Amino acid sequence: MTRDPPDPPPRERRRDTVPPTSTPDTAPEGTLSAIVAAPSSFEIVNAAFGRSAGDRLVQMMSDRLDAALQSTGARIARAGATFSVLLPGDSARAAATLVERTLEEPFSIGGESGRVGVRIGIAHRNADETEDHLVQRAVEALARARASDGATTHVAAGGDGTLLAELAADLHRAIDRGEIDVLFQPQVSIDDGRVEGVEALARWAHPRRGALGAETLLAAAERAGLGVALSEHVQQLALVRAARWPAALGRLRIALNVTAADIARDDFAAAFLARVAAAAVAPERVTAEVTESGVIGDLPRAAAALATLRAAGCRVALDDFGTGYSSLAYLSRLPLDYLKIDRTLTQAIDGDARERTVIDGIFTIATGLGLATIAEGVETASQRALLAARGCTIYQGFLCAMPLDDEALIALVEGDERC
């Protein structure tokens, strides 16, 4: 799974543009915090009630935040369904609680009363830190909150900016030193419990800080300007490893994450297929996983590149469905095989009847477009059963296994264990 790019920095309330308040050399003085908030799952509203209802929901959320934060001196900006707030003083925690309560109150959607969960990232400004960098850290904290199994709010550590800069410097050497590794999370047929494939997930065995996950690794790569180099390295490493698996694993599909920076390159499709060929892995075993953020910048370019992959035998999955703002508009225009349902939707499926009804709409859309579905973050047998009843094709999550190294994966598959 890849992260969305950072949202733009906040603008002054009810203004279209403002002059920049800081530069890398002259950061503003005084205590300042950034709060970035987003609905836990937005596409379910679009799926159930239509895009116009989703637009109205975002406007209602914006109006509520304006009213709730009016007396705080906050500056608020909106990008899609994500809200960024710059708040003077040291009251960010209290303000974040207010934001959460404000956005979790019921909304009237399509004539129904419903709640929309929210995830929040908070960052407190370090000395000499610019506003842009402060907001970037809050965006990264939001990503951690979204990835969390429980906590709805994540506060960036005070040294995050320094740590990220340090990791970015280390990353230049990490690839050459072989510190970047790949683990494989099983993707399981929901019908018979057999492992059908795997998703390749990057890990960094940092010599001083220990094991670092994909989220931290990708953030460091973005800071270092090594996003494309890292992506290519991880794809190549995963393919080479898959080519060495014993015959019992020869049927497994391998899903590789593709970033927005990858797709933006003119030679992306040719280079991707060349890596597949060099590893001697059949294209029919390979799935390219892209996020909405990876295609939104230039939809015709992305569609053409992905069509080239499919023509060569690869399959294409749209990752993290349910976390973006406009995915429904692109589904019919992209050459897709799979729709990957975000973990926040998966975990909502065993909520109340209304939540299940909304999620049913997503499966209806996938079926209507002829797309197979892969549910992420499945942790309980109840979730698996409810997904199966709705026609879900494949699942991945801790119910079967955490990301595994080659040895553990081989043992799982050769033992013909059913999940």
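Conventions we followed
- Residues numbered from 1 in each chain as written.
- Predicted model: local features only at pLDDT ≥ 70, side-chain atom pairs only at ≥ 80, totals over all residues.
- Heavy atoms only, no water.
- Phe/Tyr/Trp six-rings, centres within 6.5 Å; stacked < 30°, edge-to-face > 60°.
- Helix = DSSP H or I, 4+ residues; strand = E, 2+ residues; numbered from the N terminus.
- Buried < 20%, exposed > 50% of the residue type's maximum accessible area, 1.4 Å probe, protein only.
- Axes fitted to C-alpha atoms, helices over the stretch in contact; angles between N-to-C directions.
- Parallel < 35°, antiparallel > 145°, perpendicular 65-115°, else oblique.
- Left-handed = near helix turned anticlockwise from the far one by under 90°.
- Contact = heavy atoms within 4.5 Å.
- Nonpolar A, V, L, I, M, F, W, Y, C, P; charged D, E, K, R; others polar.
- Pairing = 2+ DSSP bridges.

## Here we look at the packing of aromatic side chains
1) Next: In total, this model carries 2 aromatic pairs according to the counting rule given.
2) Next: Both rings, one in Phe 184 and one in Trp 245, keep their centres 5.0 Å apart while their planes meet at 80°; by these two values the pair is edge-to-face. Here the residue Phe 184 occupies a position in strand β8 (residues 180-189), and Trp 245 occupies one in the loop between α7 (227-243) and β11 (253-257), the gap between them amounting to 61 residues. Like Trp 245, Phe 184 is buried.
3) Next: Taken together, a centroid distance of 5.8 Å and an interplanar angle of 50° make the contact between Phe 268 and Phe 272 tilted. Taken together, the residues Phe 268 and Phe 272, both in helix α9 (residues 268-278) and 4 residues apart, mark about one turn of the helix. Here Phe 268 matches Phe 272 in class, with each residue buried.

## Topic: the packing of α9 against helix α11 (residues 299-311)
1) Next: Their axes nearest at 9 Å, the elements α9 and α11 cross at an angle of 30°. Here α9 lies roughly parallel to α11, going by the angle between them. The hand of the α9/α11 crossing is right-handed. In this structure, α9 contributes Phe 268, Ala 269, Phe 272 and Leu 273 to the contact, and α11 contributes Ala 305, Thr 308 and Leu 309.
2) Next: Residues of the contact of α9 with α11, tallied by class, amount to 6 nonpolar, 1 polar and no charged.

## Comments concerning the pairing of strand β9 (residues 195-206)
1) Next: Burial analysis of β9 places 9 of its 12 residues in the buried class, the great majority of the element.
2) Next: Bridge count between β8 and β9: 9 bridges; the pairing is antiparallel. If you follow Gln 185 over to β9, its bridge partner there is Glu 199.
3) Next: In this sheet, strand β10 (residues 210-212) lies alongside β9 in antiparallel orientation, the contact comprising 3 bridges. What sits directly across from Ala 205, in β10, is Ala 211.
4) Next: Between the end of β9 and the start of β10, which pair antiparallel, lie 3 residues.

## A look at the pairing of strand β13 (residues 315-321)
1) Next: Within β13, 6 of the 7 residues are buried, which leaves it mostly tucked inside the rest of the structure.
2) Next: Where strand β12 (residues 286-291) meets β13, 5 bridges bridge the pair, whose relative direction is parallel. In the strand pairing of β13, Glu 289 is matched with Ala 317.
3) Next: Pairing between β13 and strand β14 (residues 338-341): 3 bridges, direction parallel. Each bridged residue has a counterpart across the sheet, and for Ala 317 the counterpart in β14 is Tyr 338.

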